[in-house]
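Reading the structure
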Amino acid sequence: MRTPASELIIHDDAIRANTARFHALSHGRLMAVVKADAFGHGDIVPSVLQSGADSIGVTSIEEALRLRGQGISAPILSWLNTPESDFASALRANIDLAVPNGELLYAVARAAHTEGTTARVHLHIDVGTGRDGCPARDWANLCALARQYEAALTVRVVGIMGHMSCADDPTNGQNMRERLVFQNAIRTARRGALNPSHLHLAATAATLTGVGDGFGFHRIGAGLFGIDPSHTIDDLRPALTLTSTVVSAHEVPAGTGVGYGHDFIAPVRTHLALLPIGYGDGLPRVASDHAEVLVRGRRRPLVGRFSMDMVVVDTGDMLLNPGEHVTIFGPRARGEPTVAEWAGWSRTIEHEIVTRVGARTSRIRRSVDTTTCRSHQDTGEAA
Ligand SMILES: *Cc1c(COP(=O)(O)O)cnc(C)c1O
């Protein structure tokens, strides 16, 4: 079998443990958010469903249909579509749809009419994030319109969703304002003869800080993958290890320039190793000159500007062998850099690091403990 140069190892046990943690934190009402290929973690839906998730959340209908195609029968909600989206296929696949305005509600109702079915709809209120959802001033009209479609049996409003903007900071007064907007939206809907039972406001940060508690379902994405945007708890487990393999290595004299523009010039005699992974594979170029990798159990710096397809490690007194494995990031089981460190070096958040690993990198699911990763086995010898 071909052994890929770079591998993204997905730690299934970590995702299961994180899911169980959020099952408890969500009081048993957990919607697992698996948009963007499960934040770059691939096919983990069976694992989260076995570990306490009741339902699945995605942005697009395409993502939802792919899961149905894989045999996932749990409830799925899709919340980010356009009037041209394939609502008919969504309804045939029994997918719940969140809508933020009358145009989308009309498109859903029309598809339901054509299909001879009733669409299960969540109305989406903008509680103050200023991004997705129905502006509060238009909410009463949206509810009234939904009630008309309910009377025509094309739509049934089963839920109301909102998403908070500042939930990672529990001291921010915006949280209380957004809770109030959500509570008012529920009241307006009920006064308008709607009867939504699935109320969901909190995502990871709002669940960990508690500012989104008390409504029902929690839509959890980042936390399942070991990311805590609020820095509230420290027992979530990162679920990815990224490794690469040395192409070539050699000794270089002091004064050797490395890469485009010679941003790095070796100050002393040293050894360099070439890794076949670059910004085209998701390593942020802005991290050039900051990032480190784990080589033979030691942290060593990446030097010179990152290229599209390759980066160079300064291995100091170590001459590596072609074929040796290097850990780019991981859960820190052996002292390797974490995704959080990469986010810091790249002036971004962990979410962006985990979702940007490219298609050239093979995905491998591991259900056992992280210490069985190949990078951890091969701490010295060439493969
Ligand atoms: C991405 C997303 C979530 C999940 O957020 P996390 O912070 O990753 O838990 C929940 N709701 C909406 C609307 C989202 O876009």
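Residues numbered from 1 in each chain as written. Predicted model: local features only at pLDDT ≥ 70, side-chain atom pairs only at ≥ 80, totals over all residues. Heavy atoms only, no water.

**Points about helix H8 (residues 174–191)**
Two residues of an α-helix separated by three or four positions point the same way, owing to the 3.6 residues in each turn. Just so we agree on the cut-off: Helix and strand assignments follow DSSP, with helices taken as H or I runs no shorter than four residues and strands as E runs no shorter than two, numbered in order from the N terminus. In this scheme, a helix's expected span is set at 1.5 Å multiplied by one less than its residue total. We call a residue buried when its accessible area falls under 20% of the maximum for its residue type, exposed when it is over 50%, and partly exposed in between, using a 1.4 Å probe and counting protein chains only. When we speak of the arc, we mean the arc of directions from the helix axis to the C-beta atoms. Contact definition: two residues touch when any of their heavy atoms are within 4.5 Å.
Spanning 18 residues, H8 covers 26 Å between terminal C-alpha atoms, matching the ideal 26 Å at 1.5 Å per step. Turning to H8, its buried residues number three or more, namely Gln174, Asn175, Glu178, Arg179, Phe182, Ala185, Ile186 and Ala189. Here the buried residues of H8 occupy an arc of 140° about the axis, which is enough to place them on one side. Facing away from the buried side of H8 by more than 90 degrees, the exposed set consists of Met176, Arg177 and Arg191. Buried residues belonging to H8 abut helix H7 (139–151), strand E7 (155–161) and strand E8 (198–200). At the exit of H8 stands Ala193, carrying a positive phi of roughly 70°.

**A look at the pairing of strand E10 (residues 240–245)**
Each regular strand displays side chains that alternate between the two surfaces of the sheet. Formally: Paired strands, as defined in this entry, are two strands with at least two bridges between them according to DSSP.
Of all the six residues making up E10, six are buried; the element is thus mostly covered by neighbouring parts of the structure. Side chains of E10 alternate between two faces, with Leu240, Leu242 and Ser244 and Thr241, Thr243 and Thr245 buried alike. In the sheet, strand E1 (residues 7–11) pairs with E10 via four bridges, with the strands oriented antiparallel. Its bridge partner being in E10, Leu8 is matched across the sheet by Leu242. Both E10 and strand E18 (residues 325–329) contribute to a ladder of four bridges, which runs antiparallel. Its bridge partner lying in E18, Thr245 is registered against His325.

**Regarding helix H1 (residues 12–25)**
Taking 1.5 Å of rise per residue, the 14 residues of H1 would be expected to cover 20 Å, and the 20 Å separating its terminal C-alpha atoms lies within 8% of that figure. For H1, the set of buried residues is Asp12, Asp13, Ala14, Ile15, Asn18, Thr19 and Phe22. Buried-residue contacts for H1 involve E1, strand E2 (30–33), helix H3 (45–50), helix H9 (204–209), strand E9 (218–220) and strand E19 (362–366). The positive-phi residue at the C-terminal boundary of H1 is His27, with phi of around 55°.

**Details of the sheet that holds E7**
In plain terms, the rule: Only the contacting stretch of a helix is used when fitting its axis, a line to C-alpha atoms as for every element, and angles between N-to-C directions run 0 to 180 degrees.
Ordered by their spatial adjacency, eight strands build an open sheet running E8-E7-E6-E5-E4-E3-E2-E9, and the pairing between neighbours is parallel. Each edge of the open sheet is held by one strand with a lone partner, namely E8 and E9. Strand-to-strand, the axes of this sheet are offset by a mean angle of 30°, without reference to chain direction. In the sheet, E2 pairs with E9 via three bridges, with the strands oriented parallel. Each bridged residue has a counterpart across the sheet, and for Met31 the counterpart in E9 is Arg219. Packed onto the sheet, H8 meets E7 and E8 and runs at close to 160° relative to E7.

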